[in-house]
Amino acid sequence: MEEIHGNTLGLKQSQLHALRRTYRRRVDASRVISPELARHLTEVSRETNRQVGVLLDRKGDVQWVVVGDAGKLTLPDVGRARAGSHRLRGLRLVHTHLRGEPLTRDDHTDLALLRLDSVTALEVREDGLPGKVHLAHLLPENAQGALWKDETAPTVHDLDYDAVAGPLALEEEFARASALRRTGGRERAILVGVGGRGRPRAEAEASLEELKELARTAGVEVIDAMLQVRRDPDPRTLIGRGKLEEILLRSMQLMADILVFDADLSPSQAIHIAETTSLKILDRTQLILDIFAQRAQSADGKLQVELAQLRYLYPRLVGRDDSLSRLAGGIGGRGPGETKLEIDRRRVRDRITQLERRIEALSSDRQVRRKRRNLRGLPVVSIVGYTNAGKSTLLNALTESEVLAEDKLFATLDPTSRRLRFPRDREVIITDTVGFIRDLPEDLVTAFRATLEELDDADLLLHVADAADPRLDGHVEAVEKILADLGLSGTPRLLVLNKVDRLPPGQGEALAHARGAVAVSALSRQGLPELLHRCDRMLWADGKVSLAEVTRSAGESQPEPPRLLPGGATVIRTG
Ligand SMILES: Nc1nc2c(ncn2[C@@H]2O[C@H](COP(=O)(O)OP(=O)(O)OP(=O)(O)O)[C@@H](O)[C@H]2O)c(=O)[nH]1
Ligand SMILES: [Mg+2]
């Protein structure tokens, strides 16, 4: 119990003894410090030429005695604040300053991040007696966004902060504020962008913009976004300790619940950051996984998402329980299926194996279905592209369907197929599927294998891109890369620049011309005839599909009188 913490190396026995005696002192509970204890601390401090501090509990007992060096005191691990807790630590720090300095940045950081009841610095006079006293305590939410209040008193006797009533009143305020916030519903997030050697500032900024859209889609409230550019990532905390502290202070000020990093945190980084904060930590991959989890409708989709989440989580299941639950929790407590709190690695492993088997079966089911479809000989046109490019809207426009299309990322997860009839009774199957995104998480690609395999059958890929997005070229490149990773480089493809209605007249066509693409607007239907014409040529004129197949398919399908679409293509609803 009577251990002296911190920089004890080189202290004399008598000095250590004097420090140990500190544990026997008691302070009147409501007084920050007694004049006697203050004097004891400054005397030892002067003699050792080191800062000396005590952590007192609310009964006025000395819980920890800590020694630093002449300019700094490093506190021992006094335990972490609980996530979202409105409580303070129940400990106040009183320590000495040898150089007459007021409270330092570190003092304030300790106050805020460790949620200490208060932090006090006693100036040590040349004669070893206590001089001026500086005290800081946290503040409830206020319009100025101030986190703490500083007070200075000429002597210990003049200090008038009640060390028990003060923190109790604060805790009450915190509780009231957090109850108010909880009725507000949505979780509040600070986004952290990361630039560096491999990622220039402009790219990091664009990526942070995309992260904002992801966050919005996931249903979290973005209250702040900051960008950190450093040459190399910090192996432990990614962004560096100082920056992390700054962000944590900011998160307290803004009452944030979540930090979202625009990078993939390694398991050890995620664990380390979760352990130094009381916040929920998400990275870009988890945000995407969370959106997928919210969006999954079909049983297949749900299985695939759960697998992806568990695969991602598995290597991270090594932290302390509390940080673990914050890593595994997902947004609004929506973690993967069975993993709420009592996660244990073996159960997760078992579940992964089980899911993999079911998805394997799913994949072979689909193969059978697809084979049946292929036997009918209908050419398959698959719509692919960056998420939110307008793929589903295009499918709807071409086939007069009503597939869900909305201004959110990953609106579509499950593939949909429709028949689309071309002139001369030619017919194709057109499919819409899950959208892509830059750095699509590997675990998702693996889990969505069954869905993505549908693309293997495509005779033609319509690569839809949003012509009005300033990140157009980056998006096209990202999609091409994923297609290559899926082994689809050899499939004929046509680039479709969508949403040209959002551009000044002629600009979409110019962009398309430069890229050998077709300019369309799925909303205004502009350019659709040209699109169908190009598809027709690529599918048939280039000899991709044999005439025999085409005539066979044409004989089969007459359930409903075909309707006319621009360009002479017609549609048959297959439901
Ligand atoms: N102005 C304009 N908006 C469009 C056009 N096509 C689609 N949109 C809008 O873009 C948004 C996304 O459309 P979706 O069809 O859901 O996009 P998607 O590519 O299927 O997206 P995910 O399934 O989420 O990957 C919706 O708000 C559409 O209304 C277009 O030609 N012009
Ligand atoms: Mg869609």
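A quick note: this is a predicted structure, and the numbers were derived from the prediction, not measured. (Residues numbered from 1 in each chain as written. Chains lettered and ligands numbered in written order. Predicted model: local features only at pLDDT ≥ 70, side-chain atom pairs only at ≥ 80, totals over all residues. Heavy atoms only, no water.)

Enquirer: How should the packing of helix α1 (residues 13-21) against helix α2 (residues 35-48) be read in this particular structure?
Expert: If you want to describe how two helices pack, look at the angle between their axes and the distance between the axes. Across the interface, α1 lies against α2 with an axial gap of 11 Å and an inter-helix angle of 160 degrees. In this view, α1 runs roughly antiparallel relative to α2, as classed from their interaxial angle. Note on packing geometry: the crossing formed by α1 with α2 is left-handed. Packed against α1, whose contacting residues are Gln15, Ala18, Leu19 and Arg21, the element α2 presents His40, Val44, Glu47 and Thr48 at the interface. A per-class count over the contact of α1 with α2 returns three nonpolar, three polar and two charged. (Axes fitted to C-alpha atoms, helices over the stretch in contact; angles between N-to-C directions. Helix = DSSP H or I, 4+ residues; strand = E, 2+ residues; numbered from the N terminus. Parallel < 35°, antiparallel > 145°, perpendicular 65-115°, else oblique. Left-handed = near helix turned anticlockwise from the far one by under 90°. Contact = heavy atoms within 4.5 Å. Nonpolar A, V, L, I, M, F, W, Y, C, P; charged D, E, K, R; others polar.)

Enquirer: How should unusual backbone geometry be read in this particular structure?
Expert: The phi torsion of most residues other than glycine is negative, and most of the peptide bonds are trans. Positive phi, close to 65 degrees, is recorded for lysine 499, a residue that is not glycine. With respect to the secondary-structure elements, lysine 499 resides in the loop between β16 (493-498) and α16 (507-514). For arginine 525, which is not a glycine, the phi torsion comes out positive at approximately 70 degrees. In this fold, arginine 525 is placed in the loop between β17 (518-519) and α17 (528-541).

Enquirer: Which parts of the structure should I look at to understand the environment of valine 496?
Expert: Tracing the backbone shows valine 496 in strand β16. When the C-alpha positions of valine 496 and arginine 515 are compared, they lie 9.7 Å apart, and in sequence the two are 19 residues distant. Beyond its immediate stretch of four places on either side in the chain, valine 496 contacts Leu462, His463, Val464, Ala465, Val518, Val520 and Leu531.

Enquirer: What is the right way to look at the coordination of the magnesium ion (ligand 2) in this model?
Expert: Think of it this way: four donors in a tetrahedron around the metal ideally sit 109.5 degrees apart, and six in an octahedron ideally sit 90 or 180 degrees apart. At this site the magnesium ion (ligand 2) is bound by Ser392 (OG) and Thr412 (OG1), with donor distances of 1.9 to 2.1 Å. Pair noted here: serine 392 is in helix α12 (residues 391-399) and threonine 412 is in the loop between α12 and β13 (416-421), with a separation of 20 residues, a long-range link. Each member of the pair, serine 392 as well as threonine 412, is classed as buried. (Donors = N, O, S within 2.8 Å, 3.2 Å for Na, K, Ca; no water. Buried < 20%, exposed > 50% of the residue type's maximum accessible area, 1.4 Å probe, protein only.)

Enquirer: What exactly am I supposed to notice about the environment of leucine 279 here?
Expert: Mapped onto the secondary structure, leucine 279 falls in the loop between α7 (267-276) and β11 (280-283). Using a relative accessible area of 6% as the deciding quantity, one classes leucine 279 as buried.

Enquirer: What exactly am I supposed to notice about the nonpolar core here?
Expert: Leu214, Phe292, Phe410 and Phe436 are the most contacted members of the largest nonpolar core, which has 54 residues in total. Counting residues per element, this core draws most heavily on helix α9 (residues 299-313), at seven residues. Contacts of phenylalanine 436, omitting those with residues within four sequence positions, involve Val384, Gly385, Tyr386, Thr387, Leu452, Leu455, Val479, Ile482, Leu483 and Leu486. Within the second largest apolar cluster, 28 residues are counted, among which are Val54, Leu56, Val65 and Leu135. (Core = buried A, V, L, I, M, F, W, Y, C linked by side-chain atoms within 4.5 Å.)

Enquirer: I keep staring at the packing of helix α5 (residues 201-218) against helix α8 (residues 284-295) and nothing clicks. Help me out?
Expert: One can describe the packing of α5 onto α8 by two numbers: an axis separation of 9 Å at closest approach and a directional angle of 35 degrees. Relative to α8, α5 is oriented so that their crossing is left-handed. Residue-level inspection shows Glu210, Leu211, Leu214, Ala215, Thr217 and Ala218 of α5 in contact with α8, the latter providing Arg284, Leu287, Ile288, Asp290, Ile291 and Gln294.

Enquirer: What should I look at first to understand the packing of aromatic side chains in this one?
Expert: Any pair of aromatic rings gets described here by the distance separating the centres and the angle formed by the planes. The tally for this structure, following the rule as stated, stands at three aromatic pairs. Residues phenylalanine 292 and phenylalanine 410 carry aromatic rings whose centres are separated by 4.7 Å and whose planes lie at 55 degrees to one another, so their mutual orientation is tilted. On the criterion of sequence distance, the pair formed by phenylalanine 292 in helix α8 and phenylalanine 410 in the loop between α12 and β13 is long-range, its members being 118 residues apart. Classification of phenylalanine 292 by relative accessible area gives buried; the value is 2%. Using a relative accessible area of 1% as the deciding quantity, one classes phenylalanine 410 as buried. Seen in terms of ring centroids, phenylalanine 292 and phenylalanine 448 are 5.3 Å apart; in terms of plane orientation they differ by 80 degrees. Their pairing is edge-to-face. Placement of phenylalanine 292 in helix α8 and of phenylalanine 448 in the loop between α13 (442-447) and α14 (449-453) is noted, with a sequence separation of 156 residues between them. The same class applies to phenylalanine 292 as to phenylalanine 448, namely buried. A network of ring pairs unites the aromatic residues Phe292, Phe410 and Phe448 as a single cluster. For arginine 115, the ring lying beneath its charged end belongs to phenylalanine 174, and the centroid distance is 5.0 Å. (Phe/Tyr/Trp six-rings, centres within 6.5 Å; stacked < 30°, edge-to-face > 60°. Lys NZ or Arg CZ within 6 Å of the ring centre and 35° of its normal.)

Enquirer: Explain the site of ligand 1 to me, please; I cannot follow it from the model alone.
Expert: Taken together, the neighbourhood of ligand 1 is formed by 23 residues, with Lys391, Thr393, Ala411, Thr412 and Asp501 sitting nearest. Side-chain polar atom of lysine 391 to an oxygen atom of ligand 1: 2.7 Å apart, as the coordinates give it. In this structure, lysine 408 approaches ligand 1 through a main-chain N or O atom, which is 3.3 Å from an oxygen atom. Considering ligand 1 on its own, with 640 Å² of exposed area, one finds that the protein chains cover 92% of that surface. (Near = heavy atom within 4 Å. Polar contact = N/O pair within 3.5 Å; in protein donor to acceptor, adjacent residues only side chain to side chain. Areas by Shrake-Rupley, 256 points an atom, 1.4 Å probe, with all protein chains shown as cover.)

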